[in-house]
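Chain by chain, the residues:
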Amino acid sequence: MRPGDVVRVALRALLRNKLRSLLTALGIIIGVAAVIAMVAIGEGARARVEQAFSAMGTNVLIVSSGAKTSGGAKSGAGSLPTLTWDDLRAIRADVAGVRFAAPRVHATAQVVAEDRNWSTNVTGTTPEFFEIRNWPARLGAVLSHEDVDAGTKNVVLGQTVAANLFGASVDPVGQTVRIANVPFQVVGVAVGKGQSSGGNDYDDVAYVPVTTFLAKIQGSLQKFIPGTILIEVTSDDVTTAVGDRVAALLRDRHGIGVGGEDDFSIKNLTETASRKQESSEALTLLLASIAAVSLLVGGIGIMNIMLVSVSERTREIGVRMAVGAKPRHVRLQFLAEALALALAGGIIGVLVGVVTAQRLAARFDWPMLIRPEIVAIAVGFSAAVGIGFGLYPAHKASRLDPIQALRYE
Amino acid sequence: MDSTTPLIEIAEVTKTYRMGEVEVEALRGVSVDVASGEFVAIMGPSGSGKSTLLNILGCFDRPTRGSYHLAGEDVSGLDANALAETRNRTLGFVFQSFNLLSRTTALENVELPLVYAGVHPRLRRERAIAALERVGLGDRFHHHPSQLSGGQQQRVAIARALVNQPRLVLADEPTGNLDSRASDEMMALLAALAGDGITIVLVTHEADVAARARRVIVVRDGLIQEDRRNDGWQPAPSSQEHAAGAS
């Protein structure tokens, strides 16, 4: 028997019962769609977490004023400053595992160049900040300790601000801008960081020495820090431990007793990221079980329909055997039908899965990643299900006695 | 096989079926030779063993004891695959209930044996067309069985039996589901094929059908009761000429 004939006979048999074939393939369709969506979601979530890490810097803790309520969410954090400059010094000096700690105070202000102006986030900080954020200068230099100590009127512009004030192709280093009517000299432009997954532009920012910020832009609160402290720990496996040590130090310094509520909060980016990853893993697991169950049920459905088909077509099998079909020809024919059903289900499932993944990616705002090898594996798996569950019916058909089969009503 | 070897050589064939606890002897020692080109009718009441004999002749079933040589080859010990191949290469079948594939055109029904012989589609089509034309259905290639009369369906079945150029055509009550006119046409067609030198063995319980054959074998109780030649029998096309000349 020629291979083309095997395919032709199988397809014709399936197309004779279109609705039945579609319903039979439904299990496989759902299973494969779930696999495709599952992997796309898992990959998308992971990519988003990695994106967050690379933008924020790894091993970072953010200490804010105000109480922590639950799960790292803050309520009105920073509205009433409780962190002090002494706290910052103590964190730098006394907590093991802290590599850098930097204050971050910020306000929205108008930055004015010669003929253009731009409203941006003006942040006061220290040189450690650029280390924590892995953020070198693209042009010029970032802030130095001398800038902070002397309270110089130097500013490092984010790429977006530089482009809006001077044009993307102009080197603004050495130019003068006015922030809150105070003239600052541009000493550097930071490299572009792009957008956060939430759509915030990391580059729409201007950095000035924290001392200058407090003196000229916002006004000092004396011993309090009107912002947050960023800490980089020495390695990511100590992030949580360092967070605990910082908390203990601050509770001690702020005189909070046992059972008292913290007047600060520590946000662990690793924790936030892994929580996100955990929820995406839970979703992945859910989809994986849907996929497994669907493929199993789909396979059983195929076997069931193939058994029905064998008994419906007993006479046809008898005729084919009478004119010379060997048992293996009959077996091949029914296997080809089961395989065609499962493969069609697999291909439709891939399409449904891609559409589902696109919808979910848009909904959760993460990138959609569909790898070709996953598609190949899913389709291959559905083919394996077809063959696996088609074997028994095909074997049964091939074992029919032609005389009995011809007499079958 | 030389010309003196019979096409069918059956020696002391018995067939025993187990029906639960009981053993039924359907054939109890049958020996018969059929030469190439013969037109044989097997008769007998139901339960006589004639269907069992036809199943063995048609390589659907193997004898319990005894030997069966078909075209010089011992086929009594072949396995399912080899039997299928023998059916495909050497035999053609015509059944009482036609046994055509429904929702399949006449042409494709006729092509079926060639599909399993692995014949190229183009050659397959040519030979199927030739076979349908031979049985007088040159204008019904693309009709489905449900669009054909009983007589036409049986002609398609005969075309299917002929398409692989078999040594032997076996017909099981080929006129059983046909009216008397279609039945006459069918026998005329079979007689004409016999006239072309094709060996035909048919099973029937109708005496007037058997009367068209060259040789009649009567089976009863699993044994051959009678094996006679129809005197004065002539191949169908020339028998009409003969009748015209005599009157």
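Everything numeric in this text was worked out from a predicted model, so none of it was measured.

Draft legend 1. The overall build of chain B, seen in detail. Scanning chain B from N- to C-terminus turns up eight helices and 10 strands. Put simply, 70% of the contacts in chain B that link residues at least 6 apart link residues at least 24 apart.

Draft legend 2. Representation of the sheet that holds strand β4 (residues 65–70) of chain B. All names here are of chain B. Strands sit in the order β2-β1-β4-β5 across an open sheet of four strands; the sheet is antiparallel. Of all the strands in the sheet, the pair left with one neighbour each is β2 (22–34) and β5 (73–74). With two bridges joining them, β4 and β5 adopt antiparallel strand pairing. Residue pairing for β5: Leu70 is matched across the bridge by Glu73.

Draft legend 3. Local environment of the interface of chain B and chain A. Across the boundary between the two partners, chain B contributes 21 residues, which contact 18 residues of chain A. Of all elements in the fold, only α2 (80–90) and α3 (106–117) of chain B reach the threshold of two or more residues within the side of chain B that touches chain A. Of the residues assigned to the side of chain B that touches chain A, the class counts are 11 nonpolar, five polar and five charged.

Draft legend 4. Geometry of unusual backbone geometry. Residue and element names in this part refer to chain A. We note that Ala180 has phi near 50 degrees; this positive angle belongs to a residue other than glycine. With respect to the helices and strands, the residue Ala180 is situated in the loop between β8 (176–179) and β9 (182–190). Among the residues examined, Ala180 registers 15 C-beta atoms within 10 Å and is labelled partly exposed.

Draft legend 5. Quick look at the sheet that holds strand β3 (residues 39–43) of chain B. All names here are of chain B. What the six strands build is an open sheet, ordered β6-β7-β8-β3-β9-β10; its pairing is mixed. One side of each edge strand has no neighbouring strand; the edge strands of this open sheet are β6 (91–94) and β10 (223–229). Ignoring which end each strand starts from, the neighbouring axes of this sheet average 20 degrees apart. As paired strands, strand β7 (residues 168–172) and strand β8 (residues 199–203) are joined by five bridges and run parallel to one another. Note on β8: the bridge partner recorded for Leu170 is Val201. Against the sheet, helix α1 (residues 50–57) contacts β3, β7, β8 and β9 (215–220), and its axis sits at roughly 150 degrees relative to β8.

Draft legend 6. The arrangement of the confidence of the model for chain A in detail. Of the residues in chain A, 92% have a pLDDT of 70 or more, and the chain-wide mean is 85. Every residue in residues 68–75 of chain A is under pLDDT 50, and counting partners more than four places away or in other chains gives 13 contacts.

Draft legend 7. Representation of the packing of helix α5 (residues 150–162) of chain B against helix α6 (residues 180–195) of chain B in the model. Residue and element names in this part refer to chain B. Running from N to C, α5 and α6 cross one another at 20 degrees; their axes reach a closest spacing of 9 Å. Judged on the interaxial angle alone, α6 and α5 are roughly parallel. Read as a crossing pair, α5 and α6 show a hand that is right-handed. Packed against α5, whose contacting residues are Gly150, Gly151, Gln154 and Ile158, the element α6 presents Ala182, Glu185, Met186 and Leu189 at the interface. Classifying every residue of the contact of α5 with α6 by side-chain character gives four nonpolar, three polar and one charged.

Scoring rules and cut-offs
- Residues numbered from 1 in each chain as written.
- Chains lettered and ligands numbered in written order.
- Predicted model: local features only at pLDDT ≥ 70, side-chain atom pairs only at ≥ 80, totals over all residues.
- Helix = DSSP H or I, 4+ residues; strand = E, 2+ residues; numbered from the N terminus.
- Contact = placed C-beta atoms within 7 Å.
- Pairing = 2+ DSSP bridges.
- Nonpolar A, V, L, I, M, F, W, Y, C, P; charged D, E, K, R; others polar.
- Buried ≥ 20, exposed ≤ 12 C-beta atoms within 10 Å, placed from the backbone.
- Axes fitted to C-alpha atoms, helices over the stretch in contact; angles between N-to-C directions.
- pLDDT = per-residue confidence, 0-100.
- Parallel < 35°, antiparallel > 145°, perpendicular 65-115°, else oblique.
- Left-handed = near helix turned anticlockwise from the far one by under 90°.

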